[in-house]
Amino acid sequence: MAKGKLTFADIDVSVNVPAGTRVIEVSEKVGAGIIYGCREGDCGTCLMKVEEGMENLSEPTVLEDKVLKENMAGKDMRCACQAQIIGEGEVKIKPA
Amino acid sequence: MSSTFASKPPEEIAPGVNWIGAFDPDLRTFDLILKTANGTTYNAYAIQGAEGVAIIDTVKEAFAEQFFARLEAVTTYDAITAVVLNHLELDHAGALPELMRRAPQAHIYVSQRGLKLLQATLKDELANYHYTLTDDGDTLDLGGRTVKFVLTPYLHWPETKCSFLVEDRILFSCDVFGAHFCDERLYNDLVGDFRFSFEYYFKHIMRPFKKWVLQAMDKIEPLAPLMIAPSHGPILRERPMDYVKSYRTLSGSHLPNELSAREKSLLIFYMSAYGATADMARSVYEGASSIEGVRVSLYDLQGGEVEPFVDLIEGADGMIFGSPTINGDAVKPIWDLLASLVAIDTRGKIGAAFGSFGWSGEAVPMIEDRLRGLKMRVPEKGKRIKFHPTEQELDDCRQYGQAIAELLAGKARPKVIDFAEL
Ligand SMILES: Cc1cc2nc3c(=O)[nH]c(=O)nc-3n(C[C@H](O)[C@H](O)[C@H](O)COP(=O)(O)O)c2cc1C
Ligand code: FES
Ligand SMILES: [Fe+2]
Ligand SMILES: [Fe+2]
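Everything numeric here is computed off the predicted structure, so don't read it as measured data.

A. Inspection of unusual backbone geometry at higher detail. Residues and elements named next belong to chain B. The omega torsion of the bond from Leu155 to His156 falls at 10°, within 30 degrees of zero and hence cis. Along the chain, His156 falls in the loop between β13 (146-151) and β14 (161-165). Phi is positive for Phe177, close to 65°, though the residue is something other than glycine. Here Phe177 lies in the loop between β15 (170-174) and α6 (195-206). Look at Asn327: it is not a glycine, yet its phi comes out positive at around 50°. Along the chain, Asn327 turns up in the loop between β19 (318-322) and α11 (332-340). A relative accessible area of 78% places Asn327 in the exposed class.

Below you can see the structure in the form of structure tokens.
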């Protein structure tokens, strides 16, 4: 199965993850600093900064797009409860 | 409710600007989380301009009668052109649905992040009204009078804003600078001594958001308001800037800083009935103390009270909690301390847990869950040991303390993990 590499810059931990994994499934397990509220793309608590590999994340859904706009998120920001790692690339993130 | 409170007429706080709020002298507990010995007020205001009337906030629903009576004494529903909502909590938006039914032509002004809360407040009725989502610095022209919006997110909800009446330099600050204090004399230079209530309110409502308070003060100071009209308690017309200064002071560190800027502070709290968890605690402490740049402190919770520890934690970078498992749970003093941390900002701090156990060992993972719930980082898996630790196990505890201190000191080596190992 295709594996991507997800790096949490704030704690210097990288995880090899199967394609389709959501960031939220990994970040709490490794104890990274990204925080969650609603966990379903409604509140924007989980905003994260994508330092590298934005192209290796799934496109924002309509729901996430709306939350990003509401929270005036920059181009390099995504919701960690929504974004999925696709394919084999590397993604480097940190809390917003 | 005593009749003198209910019958007090509106108060003209500046020409054409009226206080039309409500008195709630009998309230003793507010929002389930804070007490008041003096009740409270829900302050709402009406601003008369040449081309319209703006209502600033409303009151709690049960006090709507007072609000509408005062409103009717200064204007008519037809004349209302704008309803400015600084905050959608029900103590201020409670009378909104009825106000909008009476003044459906009025245009609602709410911050971007308030929209969802507005929808949840007005439900289907929102479709009957017009609203504008306001950004920082947006203005509302009432004809010769300008209301400028100042976003103050997280003071104390995500959507909160203040409204500034530019020509008169009056800041309608909503919960910011509020106090639960009910006194008909309304102004800070006339009411009873409310200093305690002002600080108490800050500590219970604003303290978790200190970082945001400082950002808000950066926006408010340059406005140099001549009067601050909050949504609870006295209107601050004498020395209003003293209260801005006070918010800055209260948002600073609660305790004088003992650490140098390069040092990190790590606190270890534990409880122990037979000494096993205490032995672990001392080894974790030794291990952590061996890392340069981290100041480590060890506390037996049996000998302390919650409040001072909360102050310590507010200023610390990391915390480790040790508890034995008793009846499938961590012990109550640990939970009391962890439950009290809602009053401060813990997000991003490093947390960890350890403890001795007999057969099931629930305490450690339960504490870790709570730490994650407090939005802390929990990067090292908790350390559990059956009964009293052996020498080897004490060594493990030392390494555990070391690993956490290294993380704090920024000395941890990058790690690569496979998803399946998590
Ligand atoms: C001081 C305070 C803080 C709040 N914080 C949050 C919060 O962080 N997240 C949230 O979803 N709702 C928060 N709320 C909103 C309440 O959950 C909401 O108003 C709820 O409807 C209250 O329910 P009740 O009527 O049973 O008390 C907060 C409310 C208050 C009064
Ligand atoms: S946690 Fe609410 S949007 Fe992600
Ligand atoms: Fe409030
Ligand atoms: Fe309030």
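Now that the structure has been shown, the text picks up again.
B. Structural detail: the coordination of the iron ion (ligand 3). Residues and elements named next belong to chain B. Ligation of the iron ion (ligand 3) by protein atoms is provided by His87 (NE2), Glu89 (OE), His156 (NE2) and Asp175 (OD), these donors lying 1.9 to 2.2 Å from the ion. For the iron ion (ligand 3), the four donor atoms in the first shell make angles of 89 to 169° at the metal, so the coordination geometry reads as irregular. The distance between the iron ion (ligand 3) and the iron ion (ligand 4) is 3.4 Å, with Asp175 acting as a donor to both metals. On the criterion of sequence distance, the pair formed by His156 in the loop between β13 and β14 and Asp175 in the loop between β15 and α6 is long-range, its members being 19 residues apart. The residues His156 and Asp175 share a single accessibility class, namely buried.

C. A look at the pattern of salt bridges. Residue and element names in this part refer to chain B. Applying the stated criterion to the full structure yields 33 salt bridges over all chains. Between Lys332 and Asp336 there is a salt bridge, with its nearest N and O atoms 3.1 Å apart. One end of the pair, Lys332, and the other, Asp336, are both in helix α11, four residues apart, so they sit about a helical turn from each other. Judged by relative accessible area, Asp336 falls into the partly exposed class, the value being 30%. Residues joined in a network through salt bridges with shared partners are Glu72, Glu98, Arg101, Arg102 and Glu125.

D. Layout of the coordination of the iron ion (ligand 4). Residue and element names in this part refer to chain B. Within the protein, the atoms that donate to the iron ion (ligand 4) are Asp91 (OD), His92 (NE2), Asp175 (OD) and His232 (NE2), at distances of 2.1 to 2.2 Å. One can describe the donor arrangement at the iron ion (ligand 4) as irregular, given that its four donor atoms subtend angles of 83 to 171° at the metal. Along the chain, the residues donating to the iron ion (ligand 4) are arranged with the sequence spacing D-H-x82-D-x56-H.

E. Spotlight on the pairing of strand β9 (residues 80-84) of chain B. All names here are of chain B. Among the five residues that make up β9, four are buried, leaving the element largely enclosed by the rest of the structure. As defined by bridge partners, strand β8 (residues 52-56) adjoins β9 across four bridges and the pair is classed as parallel. By the bridge assignment for β9, Val53 is matched with Ile80. Taken together, β8, helix α2 (residues 64-74) and β9 form a β-α-β motif whose crossover is right-handed. Sheet analysis places β9 next to strand β10 (residues 107-111), joined by three bridges and oriented parallel. Counted as the bridge partner of Ala82 is His107 from β10.

F. Structural view of the site of ligand 1. Residues and elements named next belong to chain B. In the vicinity of ligand 1, the contacting residues are Asp31, Glu89, His156 and Trp157. About the coverage of ligand 1: the protein hides 24% of its 640 Å² of free accessible area. Considering only residue class, the shell around ligand 1 consists of one nonpolar, one polar and two charged.

G. Up close: the domain arrangement of chain B. Residue and element names in this part refer to chain B. Parsing chain B into structural domains produces domain 1 (3-250) and domain 2 (264-421). Using C-alpha coordinates to define each centre, domain 1 is positioned 43 Å away from domain 2. Contact with domain 1, which involves four residues of that partner, is made by seven residues of domain 2. With both sides pooled, the region where domain 1 packs onto domain 2 buries about 460 Å², and carbon together with sulfur makes up 33% of that total. If you look at where domain 1 meets domain 2, you find three residue pairs in polar contact (both at pLDDT 80 or more). Looking at the side of domain 1 that touches domain 2 residue by residue, the class counts come to one nonpolar, no polar and three charged.

H. Structural context of empty space enclosed by the protein. All names here are of chain B. One pass over the full model with this rule turns up one cavity of 30 Å³ or more. Size it by volume and the largest cavity reaches roughly 60 Å³. If you go around the largest cavity, the residues you meet are Leu34, Lys35, Thr36, Ala37, Asn38, His180, Phe196, Ser197, Tyr200 and Tyr201. Of all the elements in the fold, those that place two or more residues in the lining of the largest cavity are β5 (34-35) and α6. Looking at side-chain class alone, the lining of the largest cavity contains five nonpolar, four polar and one charged residues.

I. Geometry of the packing of aromatic side chains. Residue and element names in this part refer to chain B. Using the criterion set out here, one finds 20 aromatic pairs over all chains in the structure. Plain terms: the ring middles of Phe196 and Tyr200 are 5.6 Å apart, the flat faces sit at 35° to each other, and that makes the pair tilted. Note that Phe196 and Tyr200 are positioned in helix α6 at a spacing of four residues, about one turn of the helix. A residue is classified by how much of its surface remains accessible, and Phe196, at 60% relative accessible area, is exposed. Linked through ring pairs, Phe177, Phe181, Phe194, Phe198, Phe202, Tyr243 and Tyr247 together constitute an aromatic cluster. Sitting above the plane of the Phe357 ring, Arg384 keeps its charged end 5.7 Å from the centroid.

J. Molecular detail of the layout of surface pockets. In this structure, the second largest pocket spans a volume of roughly 410 Å³. Taken together, 18 residues make up the lining of the second largest pocket; nearest its centre are Lys29 of chain A together with Glu368, Glu380, Lys381 and Gly382 of chain B. When residues of the lining of the second largest pocket are traced back to their parent elements, those giving at least two are α1 (23-30) of chain A together with α12 (363-373) and β22 (415-418) of chain B. The leading source of residues in the lining of the second largest pocket is α12 of chain B, at five residues. Residue classes in the lining of the second largest pocket are distributed as eight nonpolar, one polar and nine charged.

Reading the values: the criteria
Residues numbered from 1 in each chain as written. Chains lettered and ligands numbered in written order. Predicted model: local features only at pLDDT ≥ 70, side-chain atom pairs only at ≥ 80, totals over all residues. Heavy atoms only, no water. Helix = DSSP H or I, 4+ residues; strand = E, 2+ residues; numbered from the N terminus. Buried < 20%, exposed > 50% of the residue type's maximum accessible area, 1.4 Å probe, protein only. Donors = N, O, S within 2.8 Å, 3.2 Å for Na, K, Ca; no water. Tetrahedral: all angles 85-135°; square planar, octahedral: opposite > 155°, others 65-115°. Salt bridge = Lys/Arg side-chain N within 4 Å of Asp/Glu carboxyl O. Pairing = 2+ DSSP bridges. Right-handed = clockwise from strand over helix to strand, strands pointing away. Near = heavy atom within 4 Å. Areas by Shrake-Rupley, 256 points an atom, 1.4 Å probe, with all protein chains shown as cover. Nonpolar A, V, L, I, M, F, W, Y, C, P; charged D, E, K, R; others polar. Domains from an automatic or database assignment. Contact = heavy atoms within 4.5 Å. Buried area = accessible area lost by both parts, 1.4 Å probe. Polar contact = N/O pair within 3.5 Å; in protein donor to acceptor, adjacent residues only side chain to side chain. 1 Å grid on protein atoms, 1.4 Å probe; cavity = no way out; pocket = protein on both sides within 12 Å on 5 of 7 lines; lining within 4 Å. Points joined across faces, edges and corners; volume = space filled by probe spheres on them. Phe/Tyr/Trp six-rings, centres within 6.5 Å; stacked < 30°, edge-to-face > 60°. Lys NZ or Arg CZ within 6 Å of the ring centre and 35° of its normal.

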